[in-house]
Amino acid sequence: MAAFARPVVLWFRQDLRLADNPALAAAVATGAPVVPVYIWGPAEEGAWPPGQASQWFLHHALESLGADLSARGSRLVIRKGDAQCVLNELVNECGARKVFFNRRYEPSALLQEQAVIDGLVKIGVESITSNSALIFEPNDVATREGRPFKVFTPFYRACLMLPEPLPTVRAPKAIPFPDTPLRSDSVAGLDLLPRIKWDTGLQKTWMPGEAGALRLLKTFINDGLVNYRVDRDRPDRDGVSKLSPYLHFGCIGPRQIWRAVRSHVDATGSGALVESADIYLKELIWREFAYHLLFHFPHSVHKPLRPEFERFPKSAAAAEFVKSWQEGLTGYPIVDAGMRELWHTGWMHNRVRMIVASFLVKDLLAPWTDGARWFWDTLVDADLASNTLGWQWSAGCGSDAAPYFRIFNPILQGQKFDPDGVYVRKWIPELAAVPDRWIHSPFAAPPLVLQSAGVTLGQNYPAPLVDHALARNHALDAFAMIKGKK
DNA sequence: TTTTGAGTTGTTCGA
DNA sequence: GTCGAACAACTCAAA
């Protein structure tokens, strides 16, 4: 029978995995041959096509997915272009009457999705969509008045009132592929890899794909989770899961993580583990909250949620400052270490993300949107929802943002969270010989100390761009100004 | 409708 | 060195 059944199309998007993939499961459950397709269409991502680092991750995640499909008797069809055109073309080629896919929530993706569904209806093809990317979709959570949440804590409480995430769908054992010959581009043909070889650091750091995600999750749950409460703030330790790029591309789903953590806690839960697990799972709910906000307030990707922040002043030197910040040449070691970690690995520890963001916006008085854009272009985990929420929070212009007076002191933050300077020395080797006492403030060290450490400020390590104490006062003035106090 | 309590991640200053 | 208060006022969400 199956040989004569019309095939169905499975459109892979940000869900590059076989397990916990409801659209794939639904397609396989039809009993018909399945045509899995990935469509590379950066032009449809609006102002936010994947950056170089994200493209690198995507390339390898696609190769991994292709291999996983082959192991199940299938293969990945790859095409370039406009999703609506490609899908129309593909259903005509293979005779499919059904297209399965998982939903996305970014503004441009929502438009794309509607165009795809409308286009397919016109030629008599049905679209069947599922949720794979979120534990709770944007409309699943609402205030009692039916409105979206703007504050995290009530959102979080509302989520906890909802039923626990369902057990995940297993990867299909076999995925039948039709006999029809179907043209496919190669992953390499998408031209996602850098022309100039700068990706060595990425290669050393990441193993993109479903297997890499599951391996990371397992290691984290067994080794990292119990100390997560403390170690999540320590960039000098290996204390976080680093699952963010895998979540972004859907190499793993949030429900898989939720279930795996919960099961581990239920099986072995000591007090410390329970506490750490709750904090970790709360981070997953932060991700949900970011999608909730992006969906309901799509303008937040480029406009502050608090409109008075459009008047927030900009330093006359902002453009130069941004450049130094990008290059890791601000003269504040913890900031520079973070920016260099980002450049080399496509990732930055979350504690350090907050520090560099506060520094850009409040010490350098540069627009938060410049920071958001740089992160977008350089992060392997660049995610419109999380990036937007993070920057609005740091800049203080989100609806539930850091209070204006919360200005990170880059020296204190370094001393507190990288007390032995291990993180700074790793990314700024020119400071390696600076003693612990001065590692986070080399500009304050006695000249003889710097001399014997081989550091000459302004030559092999920059003098600070701004004086933090002064910069802090300027920022406080700026906040008073936009509130109309000055 | 009005009221009430609360809001991720910090720093500084003075006692 | 440690500790508590101040740093504002506003908006959100629920009662």
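Note that this is a predicted model, so its numbers are computed, not measured.

**Details of the protein's contact with DNA strand B**
Right, so step 1: Among the 17 residues in the neighbourhood of DNA strand B, the closest are listed as Thr153, Trp286, Trp393, Asp400 and Arg406.
Right, so step 2: Backbone sugar and phosphate groups make up 56% of those atoms of DNA strand B lying within 4 Å of the protein.
Right, so step 3: Within the side chain of Glu283, a nitrogen or oxygen atom sits 3.2 Å from a base oxygen of DNA strand B.
Right, so step 4: Within the side chain of Gln413, a nitrogen or oxygen atom sits 3.2 Å from a phosphate oxygen of DNA strand B.

**Some words on the pairing of strand S3 (residues 77-80)**
Right, so step 1: Where strand S2 (residues 34-40) meets S3, four bridges bridge the pair, whose relative direction is parallel. Its bridge partner lying in S3, Val37 is registered against Val77.
Right, so step 2: For the crossover that starts at S2, traverses helix H2 (residues 52-70) and ends in the parallel S3, the hand is right-handed.

**Some points on the sheet that holds S2**
Right, so step 1: With parallel pairing, five strands are arranged side by side in an open sheet as S3-S2-S1-S4-S5. Whereas interior strands pair on both sides, the edge strands pair on one side only; in this sheet they are S3 and strand S5 (126-130). This sheet shows a mean twist of 30° between the axes of neighbouring strands, independent of strand direction.
Right, so step 2: As paired elements, strand S1 (residues 8-12) and S2 share five bridges and run parallel to each other.

**Describing helix H10 (residues 254-268)**
Right, so step 1: Between the first and last C-alpha of H10 there are 21 Å, a value that for 15 residues agrees with the 21 Å anticipated at 1.5 Å per step.
Right, so step 2: All of the buried residues along H10 are Pro254, Arg255, Gln256, Ile257, Trp258, Val261 and Val265.

**Thoughts on the domain arrangement of chain A**
Many authors give the size of an interface as the accessible area that is lost as the parts come together.
Right, so step 1: You can read the domains of chain A as domain 1 (2-131), domain 2 (134-168 + 210-296) and domain 3 (307-484).
Right, so step 2: Using only C-alpha atoms to locate each centre, domain 1 and domain 2 end up separated by 26 Å.
Right, so step 3: At the junction of the two partners, domain 1 supplies 19 residues and domain 2 supplies 19 residues.
Right, so step 4: Interface area for domain 1 against domain 2, summed over the two sides, is near 1,700 Å², with a carbon-plus-sulfur share of 57%.
Right, so step 5: Where domain 1 touches domain 2, the interface holds one salt bridge.
Right, so step 6: Of the charged contacts in the structure, one is a salt bridge between Glu137 and Arg103, with a shortest N-O distance of 2.8 Å.
Right, so step 7: Remark: the boundary between domain 1 and domain 2 carries eleven residue pairs in polar contact (both at pLDDT 80 or more).
Right, so step 8: Within the residue set of the side of domain 1 that touches domain 2, elements represented by two or more residues are H2 and helix H4 (107-122).

**Some thoughts on the layout of surface pockets**
Right, so step 1: Put simply, the largest pocket is a space of about 1,300 Å³.
Right, so step 2: The leading source of residues in the lining of the largest pocket is helix H16 (residues 384-395), at seven residues.
Right, so step 3: Taken domain by domain, the lining of the largest pocket gets at least three of its residues from each of domain 2 (134-168 + 210-296) and domain 3 (307-484).
Right, so step 4: What lines the second largest pocket is a set of 22 residues, among which Thr205, Glu341, Thr345, Lys426 and Trp427 lie closest to the centre.
Right, so step 5: Only helix H6 (200-205), helix H13 (333-345) and helix H18 (422-427) provide two or more residues apiece to the lining of the second largest pocket.
Right, so step 6: Residues from two domains meet in the lining of the second largest pocket; each of domain 2 (134-168 + 210-296) and domain 3 (307-484) gives at least three.

**Comments concerning the packing of aromatic side chains**
Right, so step 1: All told, the structure shown has 28 aromatic pairs when counted by the stated rule.
Right, so step 2: Judged by centre distance (6.2 Å) and plane angle (75°), the ring pair of Phe57 and Trp206 falls under edge-to-face. Here Phe57, found in helix H2, pairs with Trp206, found in the loop between H6 and helix H7 (210-224); they are 149 residues apart in sequence, far enough to count as distant. Of the two residues, Phe57 and Trp206, both sit in the buried class.

Conventions used here
Residues numbered from 1 in each chain as written. Chains lettered and ligands numbered in written order. Predicted model: local features only at pLDDT ≥ 70, side-chain atom pairs only at ≥ 80, totals over all residues. Heavy atoms only, no water. Near = heavy atom within 4 Å. Polar contact = N/O pair within 3.5 Å; in protein donor to acceptor, adjacent residues only side chain to side chain. Pairing = 2+ DSSP bridges. Helix = DSSP H or I, 4+ residues; strand = E, 2+ residues; numbered from the N terminus. Right-handed = clockwise from strand over helix to strand, strands pointing away. Axes fitted to C-alpha atoms, helices over the stretch in contact; angles between N-to-C directions. Expected span 1.5 Å × (residues − 1). Buried < 20%, exposed > 50% of the residue type's maximum accessible area, 1.4 Å probe, protein only. Domains from an automatic or database assignment. Contact = heavy atoms within 4.5 Å. Buried area = accessible area lost by both parts, 1.4 Å probe. Salt bridge = Lys/Arg side-chain N within 4 Å of Asp/Glu carboxyl O. 1 Å grid on protein atoms, 1.4 Å probe; cavity = no way out; pocket = protein on both sides within 12 Å on 5 of 7 lines; lining within 4 Å. Points joined across faces, edges and corners; volume = space filled by probe spheres on them. Phe/Tyr/Trp six-rings, centres within 6.5 Å; stacked < 30°, edge-to-face > 60°.

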